[in-house]
Amino acid sequence: MSLLETRNLGRSFGGIKAVQDVSLAVEEGEIFSIIGPNGAGKTTLFNLISRVYDADAGRVFLAGRDITRIAPHRVAALGVARTFQNIELFERSTVLDNLLVGRHCRGHAAPLSELLFTQANRRSEIAHRDMVEQIIDLLDLQAHRDSLVGGLAYGTRKVVEIGRALAAEPRLVLLDEPSSGLNAEETEDMSFWIRDIRDDLGITVVMIEHDMRLVDLVSDRVMALDRGTVVATGAPQQIMVDPRVVETYLGE
């Protein structure tokens, strides 16, 4: 059974078919990349999987469970976390506080126990902070843990956003252009972190990415989209030389 599966997924905006009949299957422990030109429907596909948008057609399954119509706020609790193309962080809060926001879906204390800060609540708070500290160590954010996010370099903020997604303890993380705006050295660091997310944390990764070097470095399989439809799916080396991908994305 695949961890993530979509069957004939579709979404239109007016007369524009942003996603058309998209079927994919991502296995547990896989790093699966989605490529395609601007406007290919990649982020729309992420928005359908994470329930930001309702699908017009098709189904989304997580570990065999149909999540096509579940409430959007339940997605994180089921084990799906994501990042965004445009960084969405609390810039006037510290790195530590931003990461703790990611623990919200794992908190189950009653309001009264939080108000009284009971022993059980204290244990829960310690567990949340322990998890966040592990992520800080994994992503080499120790030097920034108490810094305000608004004062950090763009590349560091990208890493913080990934850290916040990981703080939710997902089974599946959706990374929307993680190398966007990064220089060559930062992109290489990102490749190590993406592999560590899979290898050290056991989290399956689905990634939208334009940097083909990063795609080649980390991906087990790649799916190419164009105008909302699947052009090809396969190993990175196959996709790079697929004539349809070369024509629609890489150029002649």
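Quick caveat: nothing in here was measured; it's all calculated off a predicted structure.

What counts and how
- Residues numbered from 1 in each chain as written.
- Predicted model: local features only at pLDDT ≥ 70, side-chain atom pairs only at ≥ 80, totals over all residues.
- Heavy atoms only, no water.
- Patch = residues over 30% accessible without salt bridge, like charges linked within 9 Å, V, L, I, M, F, W, Y side chains within 5 Å.
- Areas by Shrake-Rupley, 256 points an atom, 1.4 Å probe, with all protein chains shown as cover.
- Salt bridge = Lys/Arg side-chain N within 4 Å of Asp/Glu carboxyl O.
- Lys, Arg positive; Asp, Glu negative; His and termini not counted.
- Charge placed at Lys NZ, Arg CZ, Asp CG, Glu CD.
- Helix = DSSP H or I, 4+ residues; strand = E, 2+ residues; numbered from the N terminus.
- Buried < 20%, exposed > 50% of the residue type's maximum accessible area, 1.4 Å probe, protein only.
- Contact = heavy atoms within 4.5 Å.
- Polar contact = N/O pair within 3.5 Å; in protein donor to acceptor, adjacent residues only side chain to side chain.
- Expected span 1.5 Å × (residues − 1).
- Pairing = 2+ DSSP bridges.
- Right-handed = clockwise from strand over helix to strand, strands pointing away.

**Things to note about a negative patch on the surface**
And step 1. Taken together, the side chains of Asp137, Asp140, Glu185, Glu188 and Asp189 present a region of like negative charge at the surface.
And step 2. With three residues, helix α7 (residues 184-199) is the single largest residue contributor to the negative patch.
And step 3. On the secondary structure map, Asp140 appears in the loop between α5 (119-138) and α6 (154-167).

**Quick look at the pattern of salt bridges**
And step 1. Under the defined criterion, the tally for this structure stands at 13 salt bridges.
And step 2. With a closest N to O distance of 2.5 Å, Glu30 and Arg221 form a salt bridge. A residue pair is termed long-range when its members are at least 10 positions apart, and Glu30 in the loop between β2 (16-26) and β3 (31-35) and Arg221 in strand β9 (residues 221-226) qualify at 191 residues.
And step 3. On the basis of relative accessibility, which here comes to 8%, the residue Glu30 falls in the buried class.

**Describing unusual backbone geometry**
And step 1. Even without glycine at this site, Ala63 takes up a positive phi of about 50°.
And step 2. By the secondary structure assignment, Ala63 is in the loop between β4 (57-62) and β5 (65-66).
And step 3. The backbone of Glu169 shows a phi angle near 55°, a positive value even though the residue is not glycine.
And step 4. Assignment of secondary structure puts Glu169 in the loop between α6 and β7 (172-176).

**What to know about the side chain of Ser50**
And step 1. Within the secondary structure layout, Ser50 lies in the loop between α1 (42-49) and β4.
And step 2. For Ser50, the residues in contact, after removing those within four places along its chain, are Val75, Arg82 and Leu174.

**A word on the side chain of Arg82**
And step 1. Positionally, Arg82 belongs in strand β6 (residues 80-82).
And step 2. A polar atom in the side chain of Arg82 sits 2.6 Å from the side chain of Asn47.
And step 3. One polar contact links Arg82 to Ser50, side chain to side chain, over a distance of 3.1 Å.
And step 4. The residues contacting Arg82, other than those within four sequence positions of it, are Thr43, Phe46, Asn47, Ser50, Val52, Ala165, Leu174 and Asp176.

**Some remarks on α7**
And step 1. Helix length check: α7, at 16 residues, gives a terminal C-alpha distance of 23 Å against a target of 22 Å (1.5 Å per residue), a fit within 8%.
And step 2. The opening residue of α7, the one whose side-chain oxygen lies 3.1 Å from the backbone nitrogen of Glu185, is Asn183.

**Here's the deal with the pairing of β3**
Looking along a regular strand, one sees side chains alternate from face to face of the sheet.
And step 1. Counting buried positions along β3 gives five out of five residues, so the element sits mostly inside the fold.
And step 2. Across the two faces of β3 the burial is the same, with Ile31, Ser33 and Ile35 and Phe32 and Ile34 all buried.
And step 3. Where β3 and strand β8 (residues 204-208) come together, four bridges link them in parallel fashion. Residue pairing in the sheet places Ile31 in a bridge with Val205 of β8.
And step 4. Direction of pairing for β3 relative to β9: parallel, over a ladder of four bridges. Residue Ile35 lies in a different strand from β9, and its bridge partner there is Ala224.

**Let's talk about the sheet that holds β4**
And step 1. Read across the sheet, four strands follow the order β2-β1-β4-β5 without closing on themselves; strand pairing throughout is antiparallel. One side of each edge strand has no neighbouring strand; the edge strands of this open sheet are β2 and β5.
And step 2. Inspection of the sheet shows β4 paired to β5 by two bridges, in the antiparallel sense. Looking at β5, one finds that Phe61 is bridged to Asp66.

**Quick look at the pairing of β7**
And step 1. In terms of residue burial, β7 counts as a mostly covered element, since five of its five residues are buried.
And step 2. Along β7, one buried face is formed by Leu172, Leu174 and Asp176 and the opposite face, lined by Val173 and Leu175, is buried too.
And step 3. In this sheet, β7 lies alongside β6 in parallel orientation, the contact comprising three bridges. Of the residues in β7, the one forming a bridge with Val80 is Leu172.
And step 4. Examined bridge by bridge, β7 and β8 share five bridges and lie parallel to one another. Residue Leu174 lies in a different strand from β8, and its bridge partner there is Val206.
And step 5. This β-α-β element, β7 to α7 to β8, shows right-handed connectivity.

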